[in-house]
Amino acid sequence: STRKLDSSNTHMARFDAAPGPQLKPAKVRYHQVDGNSLTIGHVVSKTPPPPGSTSFHSVEVVHAGGPVAERLRRAPRIDATYPVRFHELPETGCSPAREFAAIFEVLEGMMLAKANRQSLVLWVGRPDKPELDGFAGFLGMLPFRGISVALVSADAVRYPDPFSYRTPSGVLEHDANDPARMGKCCVSAMFGPLPARSFTARLREWAPIDVQPPAGCTELLRLPFKIAGLPLPMITYAGEYEKGVAALAERISAAYPAGALCPIVSCGEVVDRLGYGLDVLAALRERGHAGHYFTHKSGETSKRWAEYGKPELLGWVAQAKAAGQTPLFIAVGGGCNGNATGVVAAMTGAAFVEVPTTPLHYNDATTSAKKAFSLVLDGKIRAKNLLGTFYLPRLVWCINETFLTSSTASVHSTVGECTKTMNMLADPSSAAGRADYANILGANEFASDTTRILSCIDGFEALVHFIEDAPTREAKAAVLRLGEAIAEARAAAQCGTETARAAYASLCEGRRQLLQRFRARFYELPTAARVAIDAFLTVSNKEIVGAKAMFLAYEDPFEKYRALLFEYAHTLGHAVEAWLAGAIDTARASGVGADIVEAAVRNHGQCVGMAVVWAGAIAAELGALEGDGYVCHQGMVYLFNSFGGFSFGPVRALCDALGVSKPDFLREVLAGVRLDNKRGYCECGDDASVDQLVTHRPGRMLGSEDPNAEATLVF
């Protein structure tokens, strides 16, 4: 039944509150135990259960050998109410790349064994290698962006620090006192031979790269945004691209003393060919900050740990730390790059800056502290965003002109996420919206009317027409072709002759000129079209960023309770997206016609948009959404579907070309649903679920009787 919100003065006071920072120092208890008599049951009984539960779903014992682990493995089980599984950490030999791989190999095994948020990871140390205890924090930090960890240490000399841990190489490190981690500590309890005591974290002051646009400045805009009460600079540069790159480099340089910074720019293949990442690194080098350039494969199927845990990348971090420099990862590109690069920054304790080049990355991915890899096996996405952490960037810097090189799929993806937000939130600044969301702490600071995006349909269509215009497509293709040649020439220029370096510089200058001509095409559009496109980008960014801040600023920065509403239509959308990414790769490798394959491409937000329609149909079948409310809900997607970006027909045609029947498709998609990264928020029986659906009208959601979660899954 629909949750009845109390819109009394008490709740309105909560809605209108200005509560300030919400970080709380973590506390961890160390329990004295005898390793010779320690039992798993004793550890479970002394470790705090996960929120919303009184017990653990499973116990995942991780070890690197040793007498305690061996005795626990052989000990008979007395309490069989939860499964216990043992995982041995591979030998790493102080190699950062092998440490990185070992962590994820163990975690993949846990995920495939159906561990969830209510599982307990039990690290069992060994007396002769106490330095291995540092792995415990990473094993708890990454699954589902944090699960409970019990650390059993055999060190009889010193206490483990539950808030600061590193691997033997010193490259991978985690400091829970860093406010970029928002007070998150994954070690829930510690056990060992020393006397019992408690530990309390000491959070440092948040220090972003603060940017305050001068009064009257029209080129530099800052969107209001906070997470856990911490201000996060969300900057839009609305002027010329090259000036925007220079301004970014100036802000970063001003934040670090000369010689104290080692920038590492990360981008995917497409952004590499466009030159955006190299431009940022070159601007920093001009200001005395020499750094490194890392490229990786693009696309969702490449959002996996093995693509990023490269020896050269981790080696650069090691060199920077040895030189006393601060490694700074700068993610230039879309959401996959930002998410994955953020995980590497978090695992190495590096500073982090995001430079989004797509609208969805700017207004959706960067407005969440969640950073994650997907579970990708044999080229197929088994589950999206399953292994990650919470980590704040010091700065988000967007240059509007980079959006002009977006694909139509990317623009549709932005709108798909907008339709989700409009349907789940509507207008919380209205009287009805305030009543619907009266229990959201401090919401009034960011509440606004997300349905304003509907009035920007002309700008959306004008942007798609510009991107799809034949001369525009050819101009972009010419840039990408030259970018590919530049990528091939880069290695020769770095270690070759002066002639090779001159040829490389000439190619880069040619690309710069091609991009200038490409952007000039936009300014040749009729004034009305340019104004409409600017309005679409401005309004959608402002409203979606504000909507996220309404929940994340104070109420639910870790997105585990009321902010789960932003997962509306995502469970099924994620599963379809993951399946489709693999199917696209298979089709291309199998020689399926390019017209069929390209027509079926659906990015993240497009799959969410399709799932919004499916969720509306489910709500209608349940009698929760009828009449004008149903029409309005579905109409938000249909309004933006004039180009077919949310139509499932091309996906069905791809299935037919691959010989995938409807039952086959449903079976594989539902397998993805069952591995969804949100599982474990609530206990749901086989015949029951906490449905996340719209009821009556957009802006009103079905609620949960579970006090620990507003809503969880569509299925």
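This one's a predicted model, so the numbers in the text were calculated from it and none came from an experiment. (Residues numbered from 1 in each chain as written. Predicted model: local features only at pLDDT ≥ 70, side-chain atom pairs only at ≥ 80, totals over all residues. Heavy atoms only, no water.)

J.: Would you mind showing me how to read the overall build of the protein here?
T.: For the protein, the count of helices and strands is 24 helices and 20 strands. Over its C-alpha trace the protein gives a radius of gyration of 25 Å, about what one expects of a compact globule, namely 27 Å for 715 residues. Seen along its three principal axes, the alpha-carbon backbone of the protein occupies a region of about 80 × 70 × 60 Å. Expressed as a percentage of its 715 residues, the buried residues of the protein come to 57%. Across the protein, contacts joining residues at least 24 apart in sequence account for 79% of those joining residues at least 6 apart. Counting every atom, the protein has about 27,100 Å² of accessible surface; 53% of that belongs to carbon and sulfur. Positive and negative charge centroids in the protein, built from 71 and 75 side chains respectively, lie 4 Å apart. (Helix = DSSP H or I, 4+ residues; strand = E, 2+ residues; numbered from the N terminus. Rg over C-alpha atoms; globule rule 2.2 N^0.38 Å. Buried < 20%, exposed > 50% of the residue type's maximum accessible area, 1.4 Å probe, protein only. Contact = heavy atoms within 4.5 Å. Areas by Shrake-Rupley, 256 points an atom, 1.4 Å probe, with all protein chains shown as cover. Lys, Arg positive; Asp, Glu negative; His and termini not counted. Charge placed at Lys NZ, Arg CZ, Asp CG, Glu CD.)

J.: Would you mind showing me how to read the pattern of salt bridges here?
T.: Once the charged atoms of two side chains with opposite charge are near each other, the side chains can pair. Following the criterion strictly, the structure yields 38 salt bridges and no others. A salt bridge links glutamate 401 to arginine 519; the nearest nitrogen and oxygen atoms lie 3.7 Å apart. Of this pair, glutamate 401 sits in the loop between strand S20 (395-399) and helix H13 (408-425) while arginine 519 sits in helix H17 (residues 498-523); the two residues are 118 residues apart in sequence, bridging distant segments of the chain. The shortest N-O distance in the salt bridge between glutamate 555 and arginine 562 comes to 2.7 Å. One continuous salt-bridge network, built from bridges that share partners, spans Arg14, Glu555 and Arg562. (Salt bridge = Lys/Arg side-chain N within 4 Å of Asp/Glu carboxyl O.)

J.: Sorry, what's going on with the nonpolar core here?
T.: As a rule of thumb, nonpolar side chains are buried together in soluble globular proteins. Counting residues in hydrophobic clusters, the biggest one holds 168 residues, and the most contacted among them are Trp123, Met347 and Phe551. Examining the composition of this core, we find that 11 residues originate from one element, helix H18 (residues 527-552), more than from any other. Grouped together as the second largest cluster of nonpolar side chains are 39 residues, Leu281, Ile330, Val332 and Trp397 included. (Core = buried A, V, L, I, M, F, W, Y, C linked by side-chain atoms within 4.5 Å.)

J.: Teacher, can you tell me more about the packing of H13 against helix H15 (residues 457-468) here?
T.: Packed helices, taken two at a time, are described by their axes: the angle between them and the distance between them. Where H13 meets H15, the closest approach of the two axes is 9 Å, and the angle between their N-to-C directions is 165°. Relative to H15, the element H13 lies roughly antiparallel. The element H13 and its partner H15 pack so that their crossing is right-handed. Of the residues in H15, those in contact with Thr408, Val411, His412 and Val415 of H13 are Phe460, Leu463, Val464, Ile467 and Glu468. (Axes fitted to C-alpha atoms, helices over the stretch in contact; angles between N-to-C directions. Parallel < 35°, antiparallel > 145°, perpendicular 65-115°, else oblique. Left-handed = near helix turned anticlockwise from the far one by under 90°.)

J.: Whenever I open this one, helix H11 (residues 335-348) confuses me. Can you help?
T.: Because an α-helix completes one turn every 3.6 residues, residues spaced three or four positions apart along the sequence face the same direction. Helix length check: H11, at 14 residues, gives a terminal C-alpha distance of 20 Å against a target of 20 Å (1.5 Å per residue), a fit within 8%. Buried residues dominate H11, accounting for 13 of its 14 residues. In the stretch just after H11, glycine 349 is the one whose phi turns positive, near 65°. (Expected span 1.5 Å × (residues − 1).)

J.: I would appreciate a short explanation of the sheet that holds strand S5 (residues 148-152) in the present structure.
T.: Strand pairing in a sheet relies on backbone hydrogen bonds. The paired strands run either parallel or antiparallel. Within the open sheet, the 7 strands sit side by side as S3-S2-S4-S5-S8-S1-S9. Their pairing is mixed. Edge strands, defined here as strands with exactly one partner in the open sheet, are strand S3 (84-88) and strand S9 (197-200). Geometrically, the sheet is characterised by an average inter-axis angle of 20° between neighbouring strands, direction not taken into account. Here strand S1 (residues 27-32) runs beside S9; their pairing, made up of 4 bridges, is antiparallel. Bridging from a neighbouring strand, lysine 27 pairs with threonine 200 of S9. (Pairing = 2+ DSSP bridges.)

J.: Explain the sheet that holds strand S17 (residues 351-356) here, please?
T.: One open sheet holds the 7 strands; their spatial order is S10-S13-S20-S17-S16-S14-S15, and the pairing between them is mixed. The outermost strands of the open sheet, each flanked by one partner alone, are strand S10 (220-223) and strand S15 (292-296). Within the sheet, the average angular offset between the axes of one strand and its neighbour, ignoring direction, is 20°. As paired elements, strand S14 (residues 261-268) and S15 share 5 bridges and run parallel to each other. Directly across from isoleucine 264, in S15, lies its bridge partner histidine 292. Here helix H8 (residues 276-286) sits on the sheet in contact with S14, S15 and strand S16 (326-333), set at roughly 170° to S14.

J.: I would appreciate a short explanation of the pairing of strand S8 (residues 187-192) in the present structure.
T.: When a strand is regular, its side chains alternate between the sheet's two faces. By the criterion of burial, S8 is predominantly enclosed, with 6 of the 6 residues buried. Pairing analysis gives 4 bridges linking S1 to S8, with the strands arranged parallel. Looking at S8, one finds that arginine 29 is bridged to alanine 189.

J.: Looking at this structure, I do not really get the confidence of the model for the protein. What am I missing?
T.: If pLDDT is low for a region, its predicted coordinates should not be looked at in detail. When pLDDT is averaged along the protein, the result is 91; 94% of the residues meet or exceed 70. Within the model, pLDDT remains below 50 along residues 1-7, and this stretch shows 19 contacts once partners closer than five positions in the same chain are excluded. For residues 707-715, every residue scores under 50 in pLDDT, and the model assigns this stretch 42 contacts once sequence neighbours within four places are set aside. (pLDDT = per-residue confidence, 0-100.)

J.: What's the story with the environment of alanine 150 in this structure? I'm lost.
T.: Mapped onto the secondary structure, alanine 150 falls in strand S5. Between the alpha carbons of alanine 150 and aspartate 585 there is a distance of 40 Å; along the sequence they are 435 residues apart. Look past the residues within four positions of alanine 150 in its chain and what remains in contact with it is Val43, Thr47, Leu120, Val121, Leu122, Trp123, Ala189 and Phe191.

J.: Please explain unusual backbone geometry as it appears in this structure.
T.: Note: most peptide bonds trans; most residues except glycine with negative phi. Notably, asparagine 385 is not glycine yet its phi reads approximately 55°, a positive angle. The residue asparagine 385 is located in strand S19 (residues 380-390) in this model. Taking the relative accessible area as the measure of exposure, asparagine 385 reaches 13% and is therefore buried. Its identity is not glycine, yet glutamate 559 carries a phi of approximately 55°, on the positive side.

J.: Looking at this structure, I do not really get the side chain of aspartate 272. What am I missing?
T.: Along the chain, aspartate 272 turns up in helix H7 (residues 269-274). Setting aside anything within four residues of it in sequence, one finds aspartate 272 in contact with Cys267, Tyr293, Thr295, Ala487, Arg490 and Arg511.

J.: What is the right way to read the environment of arginine 697 from this model?
T.: With respect to the helices and strands, the residue arginine 697 is situated in the segment after helix H24 (662-674). In this structure, the C-alpha to C-alpha distance between arginine 697 and asparagine 423, residues 274 residues apart in sequence, is 8.1 Å. Excluding its chain neighbours within four sequence positions, the residues that come into contact with arginine 697 are Ala432, Asp436, Leu625 and Gly629.

J.: Can you help me understand the packing of aromatic side chains in this one?
T.: For any two aromatic rings, the description comes down to two numbers: the centre-to-centre distance and the angle of the planes. The tally for this structure, following the rule as stated, stands at 24 aromatic pairs. Residues phenylalanine 551 and phenylalanine 566 carry aromatic rings whose centres are separated by 5.2 Å and whose planes lie at 85° to one another, so their mutual orientation is edge-to-face. Of this pair, phenylalanine 551 sits in helix H18 while phenylalanine 566 sits in the loop between H18 and helix H19 (570-590), placing them 15 residues apart in sequence. Of the two residues examined, phenylalanine 551 and phenylalanine 566, each falls in the buried class. Between tryptophan 579 and phenylalanine 665, the aromatic rings sit 5.0 Å apart at their centres with planes inclined by 85°, giving edge-to-face as the arrangement. Here phenylalanine 665 lies in helix H24 and tryptophan 579 lies in helix H19, a separation of 86 residues in the sequence. By the burial criterion, tryptophan 579 is buried, and phenylalanine 665 matches it. Each member of the aromatic cluster is reached from another via a ring pair, and the members are Phe100, Phe104, Phe294, Trp305, Tyr308 and Phe373. (Phe/Tyr/Trp six-rings, centres within 6.5 Å; stacked < 30°, edge-to-face > 60°.)

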